[in-house]
Amino acid sequence: MRLVTFTAGLFGMALTVWLLSRFGFHAILGLVAQGGWGIVAAILFHAVQVLLAAASWRTIAGHDAPPLPLRDWVALRCVREGVNNLLPVAQVGGEVVSTRLLARRGAGLRRAAAATICDLTIELLSQVVFTLVGLGILLFLVKRSALTDELVESAGVALLLGAAFLGSQCLGAISIVEGLLIRIAAHLGWSGVDGIRGLHAEILGLYKAPGRSLRAGGLQLAGWSLGAVEVCLILHFMGHDRSLASGFVIESVGQAAKSAGFAVPGALGVSEGGFVIIGSLFGLPPAVSIGLSLIKRLREIAWGLPSLAGWQWMEIHWRPGRKNGLEHGIGLSG
């Protein structure tokens with residue numbers, strides 16, 4: 001697994017270097033510097049998206065879970081994003097870390113894992129809807145071409161994958177994983193195995209709660225949609241204003257490209273390539289599209305570094321009791 005991650009990371013770095021050299025390293029850095037206030041705007045504006053994502057997670061977790069204050073969910077969401085964006089792990093490492101911390105905070109391992117799995121699924125499905133809306137706007141704004149057809153086909157595949165991911169949970173895939181974890185834990189002598197029992201039923205219970213999934217999905221979709229405002233803000237400070245509709249399309253397709261590159265740590269290079277492709281449909285020079293992506297990465301760093309430091313603080317202070325063997329087994333070390 002480490003070899004795969006290392007290889008994917010090298011590929012991402014090589015792709016990034018190629019893009020920078022191909023479209024002018026100095027020109028791109030100049031555009032990033034020109035958009036200096038755009039960096040500040042992106043950093044500040046992202047707080048709204050984090051708040052919406054955290055509220056969605058808390059919503060799907062349910063009010064019958066330990067009533068953690070919203071600030072705890074925000075902190076956990078920041079850690080989740082920081083790990084996924086900045087550490088050399090596939091983009092699910094943050095979910096593993098945040099699940100363990102949420103369990104320590106009093107939610108219990110079963111509820112914490114169920115809430116995170118449901119939240120991740122709803123986030124994925126809301127992103128697919130976001131991308132489909134963006135492509136609908138794209139087809140309205142520009143002429144149909146081979147590129148737009150490929151994007152629509154890719155979105156259709158993503159929709160099928162999202163539906164399959166949700167369907168597999170309802171059909172019992174989680175119960176199979178749950179059984180395997182229990183067997184592995186028993187074989188390795190981990191304690192605390194009972195904490196994971198009933199995970200499948202817990203997940204189904206969260207989905208079936210009246211209106212809970214729809215409210216969580218609405219919050220996630222609102223967060224995704226606000227990314228269009230971030231794009232327009234950055235482009236404005238870079239001197240390349242575009243309409244909000246164009247920003248919506250650029251953000252939706254750019255985020256879809258980032259998600260497609262989940263195997264590459266931080267989707268390095270993949271995200272930049274996605275912005276270049278979709279930006280070209282709205283007359284953005286490649287250097288501007290790459291500059292846009294780099295400014296968004298600077299925003300990720302500005303949020304991610306304090307979040308990683310916060311993770312270490314939580315590892316020390318969020319310890320109501322001794323960690324059990326299962327937590328050692330499925331968690332990432334601090």
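Look up a bit, the structure's there.
Predicted model only: the values in this text are computed from it and were never measured.

Considering the nonpolar core
In this structure, L101 and L102 are the most contacted members of the largest nonpolar core, which totals 31 residues. Listing elements by their share of this core, those giving two or more residues are α3 (36-61), α4 (70-86), α5 (93-107), α6 (109-141), α9 (199-208) and α13 (286-317). With seven residues, the single largest contributor to this core is α6. Residues L31, L292, L294 and I295 belong to the second largest nonpolar core, which totals 30 residues.

Comments concerning empty space enclosed by the protein
Applying the stated criterion across every chain yields a total of two cavities of 30 Å³ or more. In this structure, the largest cavity occupies an estimated 70 Å³ of space. Every residue along the wall of the largest cavity is listed here: G254, Q255, K258, S271, F275, S293, K296, R297, R299 and E300. Within the residue set of the lining of the largest cavity, elements represented by two or more residues are α11 (244-260), α12 (270-280) and α13. If you tally residues by element for the lining of the largest cavity, the top one is α13, at five residues. Considered class by class, the residues forming the lining of the largest cavity number one nonpolar, four polar and five charged. Lining the second largest cavity, in full, are H46, C78, E81, G82, N85, R299, E300, W303, G304 and S307. Only α4 and α13 provide two or more residues apiece to the lining of the second largest cavity. The element that contributes the greatest number of residues to the lining of the second largest cavity is α13, accounting for five residues. Here the residues of the lining of the second largest cavity are counted per class, giving two nonpolar, five polar and three charged.

Considerations on the pattern of salt bridges
Side chains that differ in sign of charge can pair as their charged atoms come close. Scanning the model with the defined rule gives 16 salt bridges in all. With its nearest N and O atoms 2.4 Å apart, the salt bridge here joins K296 to E230. Taken together, the residues span a long stretch of sequence, with K296 in helix α13 and E230 in helix α10 (residues 212-237) at a distance of 66 residues. Neither residue differs from the other here; K296 and E230 are each classed as buried. In this structure, E251 and K296 form a salt bridge, with 3.0 Å as the shortest nitrogen-oxygen distance. One end of the pair, E251, is in helix α11; the other, K296, is in helix α13, with 45 residues separating them in the sequence. Take K296: its relative accessible area is 4%, and that puts it in the buried class. Ionic contacts of the salt-bridge type, sharing partners, join the residues R77, R80, E81, E95, D119 and E123 into one network.

A word on the packing of aromatic side chains
Applying the stated criterion across every chain, the model contains four aromatic pairs. Ring centres 6.5 Å apart and planes at 80° place the aromatic pair W18 and F23 in the edge-to-face group. Judged by its relative accessible area of 23%, F23 is partly exposed. Aromatic pair W57 and W73: ring centres 5.4 Å apart, planes at 70°, arrangement edge-to-face. Of this pair, W57 sits in helix α3 while W73 sits in helix α4; the two residues are 16 residues apart in sequence, bridging distant segments of the chain. Three or more aromatic residues joined by ring pairs make a cluster, and in this case those are F130, W224 and F248.

Examining the layout of surface pockets
Space inside the largest pocket adds up to approximately 1,400 Å³. Taken together, 48 residues form the lining of the largest pocket, with Q127, Q255, K258, S259 and A260 sitting closest to its centre. Mapped onto the lining of the largest pocket, the elements with two or more residues apiece are α3, α4, α6, α7 (146-170), α10, α11, α12 and α13. No other element matches the eight residues that α11 contributes to the lining of the largest pocket.

Definitions and cut-offs
- The written sequence of each chain sets the order in which its residues are numbered from 1.
- Note on the predicted model: pLDDT of at least 70 is required for a residue's local features to be given, and 80 or more for side-chain atom pairs to be given and counted; whole-chain, interface and lining totals, by contrast, use all residues.
- Only hydrogens and water are removed before side-chain values are computed, so all heavy atoms of the structure are retained for them.
- Here, the term nonpolar core denotes a set of buried Ala, Val, Leu, Ile, Met, Phe, Trp, Tyr and Cys residues that are joined through side-chain atoms within 4.5 Å.
- Only protein chains enter the accessibility calculation, which uses a 1.4 Å probe. A residue is then buried if its area is under 20% of the maximum for its type, exposed if over 50%, and partly exposed in between.
- Helix and strand definitions here come from DSSP, where helices need a minimum of 4 consecutive H or I residues and strands a minimum of 2 consecutive E residues; each element is numbered from the N-terminal end.
- Using only the protein atoms, space was sampled on a 1 Å grid; points where a 1.4 Å probe fits but cannot get out form cavities, open sets with protein on both sides within 12 Å along at least five of seven lines form pockets, and lining residues are those with an atom within 4 Å of a point.
- Grid points are joined across faces, edges and corners, and a volume is the space filled by probe spheres set on the points.
- Note that Gly is not counted as nonpolar here; it falls among the polar residues with everything else outside the nonpolar set of Ala, Val, Leu, Ile, Met, Phe, Trp, Tyr, Cys and Pro and the charged set of Asp, Glu, Lys and Arg.
- The term salt bridge refers to a pairing of a side-chain nitrogen on Lys or Arg with a carboxyl oxygen on Asp or Glu at a separation within 4 Å.
- Here the aromatic set is Phe, Tyr and Trp, taking the six-membered ring for Trp, and pairing holds for ring centres within 6.5 Å; pairs whose planes are under 30 degrees apart are stacked, those over 60 apart are edge-to-face, and all others are tilted.

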